[in-house]
Amino acid sequence: MIPLVFITCHLLLLTSCQVSYTFNGASIDYTKTKTIQIADFPIRSNYVWGPMASIFNNQLKDQYANHTKLMQVKRNGDLKLEGEITRYEQRNKSVSAEGSSAQVELSMTVNVRFTNNVKHSDDFEKTFSASQSYDSNLSLNSVQEELVTQMVKDITDQIFNATVANW
């Protein structure tokens, strides 16, 4: 009788334990957090490249759609992301032996307000930045789309990690 009770208890214990691994970096309790509201981030920078806002907004929404099970909603989300693109600028990064610019650095900064309506202690307002360099012999128009896409990817990864990956 005792071995049967012992075996039954062990089987119950083993079946009630569950180990959960995520390989996308997200650590979300989906029993409590089911939705995310992502507002479009307008450009508030002095220097503007037209397609930048749509590239950023689409990538940010895709990041959460591809790496979480959160349903995106227009309002009343369990998680809420909003903000604006505050800076987009270029500056000389290095000088050649002749004294002219050899490399130019393009940078982008985004201000983010994150609200976790399930756990308000996670709320924050932060800025996230990224930059890319290019050879000054190239025109900005010829490299802008590629560089902005790379910076947007970097910034949306930073935002994702800060909001749901708990790194």
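Now for a description of the structure that goes with this document. This structure is a prediction, so every number in the text was calculated from the model and none was measured.

Brief notes about the packing of helix 2 (residues 52–67) against helix 3 (residues 140–165)
So, step 1. Two numbers describe how helix 2 lies on helix 3: the axes approach to 9 Å, and their chain directions differ by 40°. With respect to helix 3, the axis of helix 2 lies oblique. The chirality of how helix 2 crosses helix 3 is right-handed. Facing helix 2, whose interface residues are M52, I55, F56, Q59, L60, Q63, Y64 and H67, helix 3 presents V148, T149, V152, K153, I155, T156, D157, I159, F160, T163 and V164.

Section: unusual backbone geometry
So, step 1. Notably, N76 is not glycine yet its phi reads approximately 60°, a positive angle.
So, step 2. By secondary structure assignment, the location of N76 is in the loop between strand 2 (71–72) and strand 3 (79–95).

Overview of the packing of aromatic side chains
So, step 1. One pass over the full model with this rule turns up five aromatic pairs.
So, step 2. Their ring planes at 35° and their centres at 5.3 Å tell us that F114 and F124 sit as a pair that is tilted. Of this pair, F114 sits in strand 4 (residues 101–116) while F124 sits in strand 5 (residues 124–135); the two residues are ten residues apart in sequence, bridging distant segments of the chain. No difference in accessibility class separates F114 from F124, as the two residues are buried.
So, step 3. Taken together through their ring pairs, the aromatic side chains of F114, F124 and F128 make up a single cluster.
So, step 4. One residue, K69, lies across the ring of Y30, its end atom 4.6 Å from the ring centre.
So, step 5. Residue placement shows K126 over the ring face of F124; its charged tip is 4.7 Å from the ring centre.

Comments concerning the side chain of S107
So, step 1. With respect to the helices, strands and loops of the structure, S107 is situated in strand 4.
So, step 2. With residues up to four places along the chain from it excluded, the contact list for S107 reads R87, Y88, E89, A130, S131 and M151.

Digging into the nonpolar core
So, step 1. Within the largest apolar cluster, 36 residues are counted, with the highest numbers of intra-cluster contacts made by F56, Y64, L81, M108 and I159.
So, step 2. Among the secondary structure elements, those contributing two or more residues to this core are strand 1 (35–38), helix 2, strand 3, strand 4, strand 5 and helix 3.
So, step 3. When residues in this core are grouped by element, the largest group, eleven residues, is from helix 3.
So, step 4. Not counting the four nearest positions on each side in its chain, L81 is found in contact with I36, Q37, I38, A39, F41, L60, Y64, V112, R113, F114, I159 and T163.

Rules used in this analysis
- Per chain, residues are indexed from 1 in the order of the written sequence.
- Where totals are concerned, whole chains, interfaces and linings use all residues; where local detail is concerned, this predicted model gives features only for residues with pLDDT of at least 70, and gives and counts side-chain atom pairs only at 80 or more.
- Side-chain measures were taken over the full set of non-hydrogen atoms in the model, leaving aside hydrogen atoms and water.
- Helix axes are fitted to C-alpha atoms over the stretch in contact, other axes to C-alpha atoms as well, and angles between N-to-C directions run from 0 to 180 degrees.
- The numbering of helices and of strands both runs from the N terminus, where a helix is a DSSP run of H or I of at least 4 residues and a strand a run of E of at least 2.
- Orientation is classified from the angle alone, with under 35 degrees giving roughly parallel, over 145 giving roughly antiparallel, 65 to 115 giving roughly perpendicular, and any other angle giving oblique.
- Left-handed describes a crossing whose near helix is turned anticlockwise from the far helix by less than a right angle; the clockwise case is right-handed.
- Any two residues having at least one pair of non-hydrogen atoms within 4.5 Å are treated as being in contact.
- Think of it this way: a Phe, Tyr or Trp ring, Trp meaning its six-membered ring, pairs with another when their centres are within 6.5 Å, and the plane angle makes it stacked under 30 degrees, edge-to-face over 60, tilted otherwise.
- Exposure classes here rest on a 1.4 Å probe applied to the protein chains alone. A residue is buried below 20% of its type maximum, exposed above 50%, and partly exposed in between.
- Both a distance and an angle decide whether a charge sits over a ring: NZ of Lys or CZ of Arg must be within 6 Å of the ring centre and within 35 degrees of the ring normal.
- Nonpolar cores are built from buried Ala, Val, Leu, Ile, Met, Phe, Trp, Tyr and Cys residues. Side-chain atoms within 4.5 Å join them into one set.

Note that every value here comes from positions in space, so none of it alone points to a role or purpose.
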